[in-house]
Structures are given as structure tokens and as C-alpha cells.
Amino acid sequence: MFEATDTGGKDSTIRSVFKGVNPQGCHVTSFKAPTEIEQQHDFLWRVHQRTPQKGHIGIFSRSHYEDVLVARVEELVPEQVWQARYEHINAFEKMLHSEGTVIIKFFLHISQEYQKERLQRRLNRPDKVWKFSLADLEGRKHWDDYQVAFEEMLSKCSKAYAP
């Protein structure tokens, strides 16, 4: 699992790290805002469907952690809902681990200043402009809130079975 702020380098890191891996046994999933169908299920439903079969590698660019990050900062659900999700996430990851899935999590941290540079680079480069979104600018308005949410996510969801 790869988590980071917008422009944190998730896609480029995934490309770099997994460029030599046989694509037949490896699948990358980029989690965006939940679809209408996904919203009709529990928050882990869409993630569980994308977990890799035995012997395969599943790479998540963003993950179920969005449901304690974005849902929290953007106030998409009440606090009691996103707080309870930490326990659900830990139980989900423990179940995956006990069934043989090795869980490796990466948090890519960049500074607010570097994020600004990367956003500007997206605007300046024709091959990157497609990645620019006004939502990225909205997210920057909540930088401090996201940092608090990241810290809590990291402290509550780092377990021996899924550090």
C-alpha cells in the first residue's frame, strides 16, 4: 500500500520499484472516490475485492486509509464513524495476514513547499498537465489537518502483522 499527499510520488515510486516485476502476477489499483455502487457497501468492500490472490502481488495507490484521512478532513462522515474505522482496518489487515497475505505499507512524505513545486510542474509540463486537478489546491487548504490525520493513521494502524 502506498499513501501520500497529492503529488507525493505514489505513481512514480510504484513504477520505479515494480518495473522489473512480471505484470502477469502483479496488479496495481488506484483508489479514487468511491463509486455509487461502492457507497452502497461497507467501506472495506471495494478494497477486499482488490486484494491479491495467493502468489500474486497487489499494489494499492491509496487504499482503505482514505476512509480515515479524506473522510475525516473533508468531514464526509461523522467522527464516530471514521474513528471506528481504525479498529475495522486493523481487524481487516489482521485477517488478511492470518490468511497468508504479506502487507507492506509505505507512507511517502513531502513538505508543503515541495508539493507546491510538484503542482506547478504539473501545470508547466504537457506530459503532466493531465494530472493537475483543482481538488489538489483544495486539499492544500487543509494541509495541517491532513498532517494530523496522517500521524494518527500511522500510530493507530502500525501493527506487528502490518507495520
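Before reading on, note that the structure itself is shown above.
Just so you know, these numbers come straight off a predicted model, no measurement behind them.

This next bit is on the overall build of the chain. A tally of helices and strands in the chain yields 8 helices and 4 strands. Starting at the N terminus and walking to the C terminus, you meet the elements of the chain as β-α-β-α-α-β-α-α-β-α-α-α. Taken over the C-alpha trace, the chain has a radius of gyration of 16 Å; the compact-globule value for 163 residues is 15 Å, and the two agree within 12%. Expressed along its principal axes, the backbone C-alpha trace of the chain runs to roughly 45 × 40 × 30 Å. Looking at the chain residue by residue over its 163 residues, the buried ones come to 38%. Put simply, of all contacts in the chain between residues at least 6 apart along the chain, 72% involve residues at least 24 apart.

The subject of this paragraph is the nonpolar core. Y65, V68, L69, I89 and M153 are the most contacted members of the largest nonpolar core, which totals 23 residues. Residue assignment for this core shows that the elements contributing at least two residues are α4 (66–73), α5 (79–98) and α8 (143–156). With 5 residues, α5 is the largest single contributor of residues to this core. Among residues more than four places away in sequence, those in contact with Y65 are M1, E3, I89, E93, K105, M153 and C157. Counting residues in hydrophobic clusters, the runner-up holds 7 residues, among them A4, C26, I59 and L108.

A few words now on unusual backbone geometry. Residue R62 is not a glycine yet carries a positive backbone phi of 75°. Tracing the chain through its elements places R62 in the loop between β3 (57–61) and α4. Exposure remark for R62: the relative accessible area of 16% places this residue in the buried category. For E75, which is not glycine, the phi torsion reads 55° and is therefore positive. In this fold, E75 is placed in the loop between α4 and α5.

The full count for this structure, using the stated rule, is 11 salt bridges. Where K105 meets E93, a salt bridge forms, and the shortest distance between an N and an O atom there is 3.0 Å. A residue pair is termed long-range when its members are at least 10 positions apart, and K105 in the loop between α5 and β4 (106–108) and E93 in helix α5 qualify at 12 residues. In terms of burial, K105 and E93 fall into one category: buried. The shortest N-O distance in the salt bridge between R122 and D136 comes to 3.2 Å. Of the two residues, R122 sits in helix α6 (residues 112–124) while D136 sits in helix α7 (residues 134–140), which places them 14 residues apart along the sequence.

Structurally, H56 is set in the loop between α3 (45–49) and β3. On a C-alpha basis, the gap between H56 and C26 in space is 5.8 Å, while along the polypeptide they are 30 residues apart. Apart from the residues within four sequence positions on either side, H56 is in contact with Q24 and G25.

Attention shifts here to the environment of K159. Within the secondary structure, K159 sits in the segment after α8. For the pair formed by K159 and N90, sequence separation is 69 residues and the distance between their alpha carbons is 7.8 Å.

Compared with the 28 Å implied by 1.5 Å per residue over 20 residues, the 29 Å span of α5 between its first and last C-alpha is a close match. Where α5 is concerned, the buried positions are W82, R85, Y86, I89, N90, F92, E93 and L96. Tucked into the core, α5 has its buried residues touching α3, α4 and α8.

Analysis parameters
- In this convention, every chain numbers its residues from 1, walking through the sequence in written order.
- Where totals are concerned, whole chains, interfaces and linings use all residues; where local detail is concerned, this predicted model gives features only for residues with pLDDT of at least 70, and gives and counts side-chain atom pairs only at 80 or more.
- The basis for every side-chain value is the complete set of heavy atoms in the structure, and neither hydrogens nor water enter the calculation.
- A run of H or I in DSSP becomes a helix once it reaches four residues, and a run of E becomes a strand once it reaches two; helices and strands are each numbered from the N terminus.
- In this treatment the radius of gyration is a C-alpha quantity, and the globule benchmark scales as 2.2 Å times the residue count to the 0.38 power.
- Relative accessibility decides the category of a residue: with a 1.4 Å probe and only protein chains considered, values under 20% of the type maximum give buried, values over 50% give exposed, and everything between is partly exposed.
- Here, residues are in contact when the closest pair of their heavy atoms is within 4.5 Å.
- Only buried Ala, Val, Leu, Ile, Met, Phe, Trp, Tyr and Cys residues count toward a nonpolar core, and they belong to the same one when joined by side-chain atoms within 4.5 Å.
- Each salt bridge in this description consists of a side-chain nitrogen of Lys or Arg and a carboxyl oxygen of Asp or Glu lying within 4 Å of one another.
- For a helix, the expected span equals 1.5 Å multiplied by the residue count minus one.

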